[in-house]
Amino acid sequence: MKQTTRFSLTYSLENKKLKQSREVRKETVTKTIQAMEPNKETLYATESGKNIQQLVSELDQLVGLNKVKELVKEIHAYVEICRRREQFRLKTESLVLHMIFKGNPGTGKTTVARILGKMLAELKVLPKGHLIEVERADIVGEYIGHTAQKCREQIKKAMGGILFIDEAYSLARGGEKDFGKEAIDTLVKAMEDHKNNLIVILAGYEREMEKFLRTNPGLRSRFPIHLQFPDYSCEELLEIAHKMVAERQYQLSIGAKEFLSEYLREQLKTSKTNFSNARLVRNLIEKAIRRQALRLVNRHLYSREELMLLTREDFSPLDQEDSELKLWQHN
Ligand SMILES: Nc1ncnc2c1ncn2[C@@H]1O[C@H](COP(=O)(O)OP(=O)(O)OP(=O)(O)O)[C@@H](O)[C@H]1O
Ligand SMILES: [Mg+2]
C-alpha cells in the first residue's frame, strides 16, 4: 500500500472516531439539558403544589376543627396517591367524593367546602372547583316539572365544582308527595351521570341529617365521606373574634374583650340549639364596627389608634334586635 493511501485511511478512520465521540457528547449534553429544564408538566405540578400548600395553610389557620382538618388532609393525600398509582398502572378505587357535613350554623362548613373545592381543582379531580351553595327553595319547585327544571339549572351552574346543599334534610320534609323527593332523585342521577365533573355536599344539623339518611336508605352509600363540625368552645370563639378583628385592621379594647368573653360564655350556657357559633361572632364584630363609625363620624380630631379601636360601648348594650335573637335562642 502506498504511503499516501495508508495515511488517508488512518486519517479518515480517526476523523470518523472523532465525529462519533463528538456526537455522543452532544447527545449527552442535550439529555442533561433536557433533564435540567423542567418540562411543562413538572412546572405545572410545582405551581399546583404551591397552591395546594397555600390552601392547606388556609385550612390550618382556621381555629379548632382538628378532626375536619385531618380528614381534609387525608382526602388530599388519598387523591394524590391514587394519581401516582395510576401513573404506575396500579389498581385504584374509583374516587367517590360526595360528602355529608354535619354541624350547627356557623361552624365553618361553607368555609371548609370552599377550601376543599379549590384543593380538588388543584389536584385535577374537579375541572373548576367553585362552590354553588343552594337550599331547598333553589331546587324544589311548586308544580310538576318545576323541580326538575330548577335542579337542572343549579346542577349546570355547579358543573366542574361543588354543589353544596344547605339544610339538605329539608328535602325530605314533606314526605312522599312532596317535590323534595323528586329533587333528591334528580340529584342522585346527576351524581351518577357527571361523577367526574361534580361533587355534591349535603350539609345540615347532625340529628336531622341522620334522620334524613335513614329515610332514604340508598343515600348513605352514595356519600362515603362524613365530616363532623362541632360547636366551638368559648376560647375558640374568642380566638375567632381576635382573628376577624385583626383581619379587618381593628383592635379590641380591654373592655371590649371582657364584654365579648362574658357575652359568649353566657350564650354558650343558655342556648342549646340554633347557636350560630362563628357567625354570631362575625355579626357582633360587624355591628361593633358600624357603631364605632357612628361614634367617631362627627369628631374632627381622631388618631390612627382611635380609628382602629373597638370599645366596650361599641358592643354593648345590646339593642332590641340582639335581645330578640337571645330570646329566640333561649326557646
Ligand atoms: N374555625 C374558624 N376559624 C375562623 N373563622 C371561622 C371558623 N369557622 C367559621 N368561621 C367564620 O365564621 C363565619 C361563618 O362560617 P361558615 O359560613 O363557614 O359557617 P357554616 O357552618 O357554613 O354556617 P351555616 O350553617 O349557617 O351556613 C365565616 O365568616 C367564617 O369565615
Ligand atoms: Mg354555610
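Residues numbered from 1 in each chain as written. Chains lettered and ligands numbered in written order. Predicted model: local features only at pLDDT ≥ 70, side-chain atom pairs only at ≥ 80, totals over all residues.

**A word on the overall build of the protein chain**
Broken down by element type, the protein chain carries 15 helices and 7 strands. Scored against the burial criterion, the 331 residues of the protein chain give a buried share of 28%. Of the contacts made within the protein chain by residues no fewer than 6 positions apart, 77% connect residues no fewer than 24 positions apart. (Helix = DSSP H or I, 4+ residues; strand = E, 2+ residues; numbered from the N terminus. Buried ≥ 20, exposed ≤ 12 C-beta atoms within 10 Å, placed from the backbone. Contact = placed C-beta atoms within 7 Å.)

**Topic: the sheet that holds strand 3 (residues 162-165)**
Hydrogen bonds between backbone atoms are what pair the strands of a sheet, whose relative direction is either parallel or antiparallel. Here 5 strands make up an open sheet; going across it, the order is 2-3-4-1-5 and the pairing parallel. The open sheet has two edge strands, strand 2 (131-134) and strand 5 (225-229), and neither has a second partner. When the angles between neighbouring strand axes are averaged without regard to direction, this sheet yields 20°. In this structure, strand 2 lies alongside strand 3, joined through 4 bridges in parallel fashion. Its bridge partner lying in strand 3, Ile 132 is registered against Leu 163. (Pairing = 2+ DSSP bridges. Axes fitted to C-alpha atoms, helices over the stretch in contact; angles between N-to-C directions.)

**Thoughts on the site of ligand 1**
Among the 18 residues in the neighbourhood of ligand 1, the closest are listed as Pro 105, Gly 108, Thr 110, Thr 111 and Ala 278. Only helix 4 (109-122), helix 10 (234-247) and helix 12 (277-296) provide two or more residues apiece to the shell around ligand 1. (Near = placed C-beta within 6 Å.)

**Things to note about the nonpolar core**
Counting residues in hydrophobic clusters, the biggest one holds 49 residues, and the most contacted among them are Leu 163 and Ile 201. Excluding its chain neighbours within four sequence positions, the residues that come into contact with Ile 201 are Met 99, Phe 101, Ala 113, Ile 162 and Phe 164. Core analysis: the second largest hydrophobic core is formed by 19 residues, Ile 240, Val 245, Leu 260 and Ala 288 among them. (Core = buried A, V, L, I, M, F, W, Y, C linked by C-beta atoms within 7 Å.)

**Points about the pairing of strand 1 (residues 99-103)**
Among the 5 residues that make up strand 1, 5 are buried, leaving the element largely enclosed by the rest of the structure. Of the pairings in the sheet, the one linking strand 1 to strand 4 (residues 199-204) comprises 4 bridges and is parallel in character. Paired with Ile 100 across the bridge in strand 4 is Leu 202. Where strand 1 and strand 5 come together, 5 bridges link them in parallel fashion. In the sheet register, Phe 101 faces strand 5, and the bridge partner there is Leu 227.

**Focus: the confidence of the model for the protein chain**
Per-residue confidence for the protein chain gives a mean pLDDT of 84; residues scoring 70 or more make up 80%. Of the regions scoring below 50 in pLDDT, residues 1-11 engages in 1 contact with residues more than four places distant in sequence or in other chains. (pLDDT = per-residue confidence, 0-100.)

**A look at helix 4**
For an α-helix, 3.6 residues make a turn, and residues three or four places apart therefore share a direction. Given a rise of 1.5 Å per residue, 14 residues ought to cover 20 Å, and the 20 Å separating the end C-alpha atoms of helix 4 matches this to within 8%. Counted residue by residue, helix 4 has 10 buried out of 14 residues, so it is predominantly covered. By the burial criterion, the buried members of helix 4 are Lys 109, Val 112, Ala 113, Leu 116, Gly 117, Lys 118, Met 119, Leu 120, Ala 121 and Glu 122. With its phi angle positive at about 65°, Lys 124 sits one or two positions after the end of helix 4. (Expected span 1.5 Å × (residues − 1).)

**Observations concerning the packing of helix 10 against helix 12**
Closest axis-to-axis distance for the helix 10/helix 12 pair is 10 Å, and the angle between their directions is 45°. In terms of orientation, helix 10 lies oblique with respect to helix 12. Between helix 10 and helix 12 lies a crossing whose hand is right-handed. Along its contact with helix 10, which presents Leu 237, Ile 240, Ala 241, Met 244 and Val 245, the element helix 12 presents Asn 277, Ala 278, Val 281, Arg 282 and Ile 285. For the contact of helix 10 with helix 12, a count of residues per class yields 8 nonpolar, 1 polar and 1 charged. (Parallel < 35°, antiparallel > 145°, perpendicular 65-115°, else oblique. Left-handed = near helix turned anticlockwise from the far one by under 90°. Nonpolar A, V, L, I, M, F, W, Y, C, P; charged D, E, K, R; others polar.)

**Topic: helix 6 (residues 146-158)**
The end-to-end C-alpha separation of helix 6 is 19 Å, in line with the 18 Å expected for 13 residues at 1.5 Å each. Taken as a whole, helix 6 has its buried residues at Thr 147, Lys 150, Cys 151, Gln 154, Ile 155 and Ala 158. Seen from one end, helix 6 has its buried residues packed into an arc of 130°, which puts them on one side. For helix 6, the exposed residues set more than 90 degrees away from the buried face come down to Gln 149 and Lys 156. (Arc of directions from axis to C-beta.)

**Description of unusual backbone geometry**
Even without a glycine there, the phi angle at Leu 65 is positive, about 50°. One can find Leu 65 in the loop between helix 2 (40-60) and helix 3 (66-87). Within the chain, Lys 124 stands out as a residue other than glycine whose phi angle is a positive 65°. Overall, Lys 124 belongs to the exposed group, with 12 C-beta atoms counted inside 10 Å.

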